[in-house]
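Notes for the structure review
Here's the letter readout for the chains.
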Amino acid sequence: MSELVLKDLEIRYGKVTALDRLNLSIKDGELVTLLGPSGCGKTTTLRAVSGFLAPQGGDIFIGGRRITDIPPEKRGIGLVFQNYALWPHMTVFKNLAFGLEMRKIPAEEIKRRVAAVLASVQLSEYADRLPRQLSGGQQQRIALARAIVLEPDILLLDEPLSNLDALLREQMRFEIAAIHDRLGITTMYVTHDQTEAMVISDRIVIMRKGLVMQDGPPEEIYRRPANKFVAGFMGTTSFVPGAVVGVEGERCEIETAEGLRLVGLGSGLKLGDRACAAVRPEAVLLGKRGAEEPEGRGANRFEAVVQRSNFTGELVDYQLKVGSCFLRAKEPETRKVHGCGERVELRISAERLPIVADADAEPRAV
Amino acid sequence: MRSVLKKSGELALLVVVFLAVVGPMASLVIWSVAQKWYWPNLLPQEISFDYWRQALGLQTSMAIGAVSIVSAFLLSLGIALATVVASMAISIPAGYALAKYKIPFGTAIMFLFLLPNAFPQQPVFVNILRIFTKAGLAGTIPGVMLIHILVGLVFGVWITSATFRAIPPSLEEAARSVGASAFVAFYRIALPLAAPGLLSSAVFVFLTSLDEFTGTFFVGLPFVNTLPLTLYSSSGYNLQFASVIALILLVPSVVFMLLIQKVLKAEYVGGMG
Amino acid sequence: MGAVSSAALPRRGELRLPPYLPLLFPAVAFMLAMYGWPFLSSFYQSFSVAAREGALGLDNYAKAWELYRKDIAFTFAATILNTFLAGVVAVLFSVYFRLRQNRVSAILAALFKLPIFIPFVVVSQMMTSFLAPHGLLNIALAQLGLVDLERPLQLFNFAGLSFGFAWKQVPFAVLIIHGGFQMIDNSYIEAARSSGAGMLKVILRVLVPMNKSSIVAALVLVYSSIVGTFTLPYMIIGGKTPTTITVDIAHRVNYFRDFGVANALGVCSYVMVIFTAAYYLKSRIREARQEAAR
């Protein structure tokens, strides 16, 4: 069992609090992503777990063993760095063999294990190359291979794909997910890229200023954001502010200053609270005015004017004006394309419209 | 027409600069082989390598003053090698610490290592002489070595810390994460990667020691006669010898500095001598 | 986040020596003992009164002023003048190297590298033989009919000293200033020219102002180096008057064992570099901080 547990972890840089009593646990074999903007504490958390940063308070456990005071080299953690950190003066083979040598593993076995892991990242023929003779993607895979060849209890990845170009990044996401599925190593993955997080994670932890904003499976984070910050961080979101005028179980209705009413899903809101509807472009459907209602009961319908429509290939990107609010919409290019200045009807299903508290103040940690 | 003027102007500049730069060096070379040189002749009447042979201990001729510089050369070489070992042994850990750790009072420590470049060093040597005289170190080889280590250390610490700073910390962290202790990570990762910079630093310290004059002049005289001091003392009465020694000091400096200059900051280069 | 050091791992609740202490200790201890102490004691000694043990006073300064005020003025004048000359010549050459890239300038640039790497003691010997009344320079000038060998140029004075300093320091200043000019992209020059500036305007209004920091840095280094140089004036001028402070200090120490006056002169040389030293320390510490923040 190699469950990773962080208990009341506290880290300060001088007067700045980087982590404020962080509690987090990653189940055996789970892949959890720490997601947030720079300065949110995600890298700090990773460095504390890897042992390069001593917390001022709290504890870290791996498989029930307290490792807070154990030096990095004795934690049994595999680490993949943002800049790969392959040793430039060693060949690929020596990079992979280094950790095995440290464990005094016999040369024969080192050769066998390095060869096996190189094969698993499809770079067998590169054993004698130096890192600088490899492409970025290959270096990335070697860095991953160096971490997993030791069969660590925990694998930590620090923005491993951020130095790759877009195409390769997309491909590597699936590769990392596949390797994780195959090996089942408990993994903590740090990124600021929400799509990356959605693709590879079992669970996403959204952080901001040293606090956890939300912790849940990707779909839940996307569909049911706990607060305005999370809603804004996942995708391009337009916020429509208003006051709560109706609460009925999960359903919640707000009214804007102009009298526009929106029904969506929200929790923890009371009548009269200031709240926002988080409108995602992909949740907006456009149609001719007065057309048949396809989404059934509960869809929000408004009249809008197309301010701008941009053809981007697979999608048409609209800027719409509803009253004094600007909203974005994205529709597949296979649907009817609306021109600039056209009056359209806009529909948003209540199921796809999160309502969150409109708190500019620091949201509380959950 | 204009371009011709420009061209000839440039060539004239080249000639003047060439003569100004090379003239003094030529003077050294000519003197080192001048057996007979009566003015007003531009070049010596008789050329021989007697002074070179004499200086290098290959021949002893009473006619031209029986001085051998071999012992001074060996002394300088020995002091320089010992200085390199001691300076590097002190400056590698210090440079590493300055590069990798956030140190309280870091500014004060930097200050201490910058002061010798900011202020004239001669008054310091004078006071070291005063202190060394009381301690019985004046006029001794260990005393001279301490001076040379001081001069070398100032540059050594800056060059080594710049070298270590250029190595991303993640490389050592990666080694720690796969099971290497802090020392093994340093020894197997940081040290080999820093080797070119450290080697340059060592060469630089070696040359500063070999060429050091002022400190040795105060602390070493009259008992410790390094090569530069021998050069100085023969300068008065035997120009040929002085020229030979000057050339012996010049060649390694120019050759090695040309090799390592890429690694060095411009101001260190100028800090010599 | 990367600002915090990697390997610092103090265990909480335990008193442990930070790992950098043993690493730094030998260097810092050595510097304090071998530099800090003598440096500070040069101030203390300059105020000590030889006649009365432990007493402090300005006697040494009075004596230094009485005996050496001419030399102090000479040193200051020589330093200012030589720094200025080296600066002007170096800027001219650097501009030339920046704007003209052909074989002649390449040869000149290569030639200019040599003096930088030649130690002062060798330079001094070179100058002693080259500038001597019957040295190569006078002989060559006589051959050209420019000098009467019965009355050769006497160069073991201010003029010879200046030539020696220029020989060593101009190439050094060029190294720094030219380095600065090379950082200026061609597009700046082209932009100025396309807005109608002639070459002279480009140099005065674009190149030199943009490179101010490295010109100042070169001047500061040349200035403080000249104040502190002992070898060259000692071997060229020696005990003749007027000479430089550094030579006087050596005389005070070697002939009279008079550390009081020697240190008073030493403090004078500190005062002479006080502004350049402040500039140097400030800029180097700022630079180091920026590096650390990266």
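**Let's talk about the interface of chain C and chain B**
- Taken together, the contacts link 91 residues of chain C with 97 residues of chain B.
- Interface area for chain C against chain B, summed over the two sides, is near 8600 Å², with a carbon-plus-sulfur share of 77%.
- In this assembly, chain C and chain B are joined by 14 residue pairs in polar contact (both at pLDDT 80 or more).
- At 17 residues, helix α1 (residues 20-47) of chain C tops the list of elements feeding residues into the side of chain C that touches chain B.
- Its residues assigned to classes, the side of chain C that touches chain B shows 65 nonpolar, 18 polar and eight charged.

**Overview of the packing of aromatic side chains**
- Applying the stated criterion to the full structure yields 32 aromatic pairs over all chains.
- Ring plane angle 45° and centroid distance 4.9 Å describe the contact between Phe39 of chain C and Tyr270 of chain C, whose orientation is recorded as tilted. Remark: Tyr270 of chain C occurs in helix α12 (residues 259-272) and Phe39 of chain C occurs in helix α1; sequence separation between them is 231 residues.
- The class for Tyr270 of chain C is buried, based on a relative accessible area of 2%.
- Judged by centre distance (6.2 Å) and plane angle (35°), the ring pair of Phe93 of chain C and Phe97 of chain C falls under tilted. Taken together, the positions of Phe93 of chain C and Phe97 of chain C, both in helix α2 (residues 59-99) and four residues apart, correspond to about one turn of that helix. You'll find Phe93 of chain C and Phe97 of chain C in the same group, each marked buried.
- Through a chain of ring-to-ring contacts, three or more aromatic side chains come together here, namely Phe213, Phe217, Phe218 and Tyr232 of chain B together with Phe230 and Tyr234 of chain C.
- Taking NZ or CZ as reference, Arg146 of chain A lies 4.3 Å from the ring centre of Trp87 of chain A, over its face.
- We note Arg252 of chain C situated over the ring of Phe256 of chain C; from NZ or CZ to the ring centre the distance is 4.3 Å.

**Here we look at the sheet that holds strand β10 (residues 211-216) of chain A**
Residues and elements named next belong to chain A.
- Here we have six strands laid out as an open sheet, ordered β6-β7-β8-β3-β9-β10, and mixed in their pairing. Looking at strand neighbours, the two that pair on one side only are β6 (77-80) and β10, the edges of this open sheet. Taking the axes of each pair of neighbouring strands and ignoring which way they run, one obtains an average angle of 15° across the sheet.
- When strand β9 (residues 203-208) meets β10, the two strands line up antiparallel, connected through five bridges. Opposite Ile206, over in β10, you have Gln214 as the bridge partner.

**Topic: the environment of Thr195 of chain A**
Residues and elements named next belong to chain A.
- Following the sequence through the fold, Thr195 ends up in helix α6 (residues 194-200).
- A relative accessible area of 40% places Thr195 in the partly exposed class.
- For the pair Thr195 and Gly235, spaced 40 residues apart in sequence, the C-alpha separation works out to 8.4 Å.

**Quick look at the side chain of Ser124 of chain C**
Residues and elements named next belong to chain C.
- When you line up the elements, Ser124 lands in helix α4 (residues 120-130).
- For Ser124, a relative accessible area of 0% puts it in the buried group.
- Each residue touching Ser124, except ones within four places of it in the same chain, is listed here: Thr231, Leu232 and Met235.

Cut-offs applied
Residues numbered from 1 in each chain as written. Chains lettered and ligands numbered in written order. Predicted model: local features only at pLDDT ≥ 70, side-chain atom pairs only at ≥ 80, totals over all residues. Heavy atoms only, no water. Contact = heavy atoms within 4.5 Å. Buried area = accessible area lost by both parts, 1.4 Å probe. Polar contact = N/O pair within 3.5 Å; in protein donor to acceptor, adjacent residues only side chain to side chain. Helix = DSSP H or I, 4+ residues; strand = E, 2+ residues; numbered from the N terminus. Nonpolar A, V, L, I, M, F, W, Y, C, P; charged D, E, K, R; others polar. Phe/Tyr/Trp six-rings, centres within 6.5 Å; stacked < 30°, edge-to-face > 60°. Buried < 20%, exposed > 50% of the residue type's maximum accessible area, 1.4 Å probe, protein only. Lys NZ or Arg CZ within 6 Å of the ring centre and 35° of its normal. Pairing = 2+ DSSP bridges. Axes fitted to C-alpha atoms, helices over the stretch in contact; angles between N-to-C directions.

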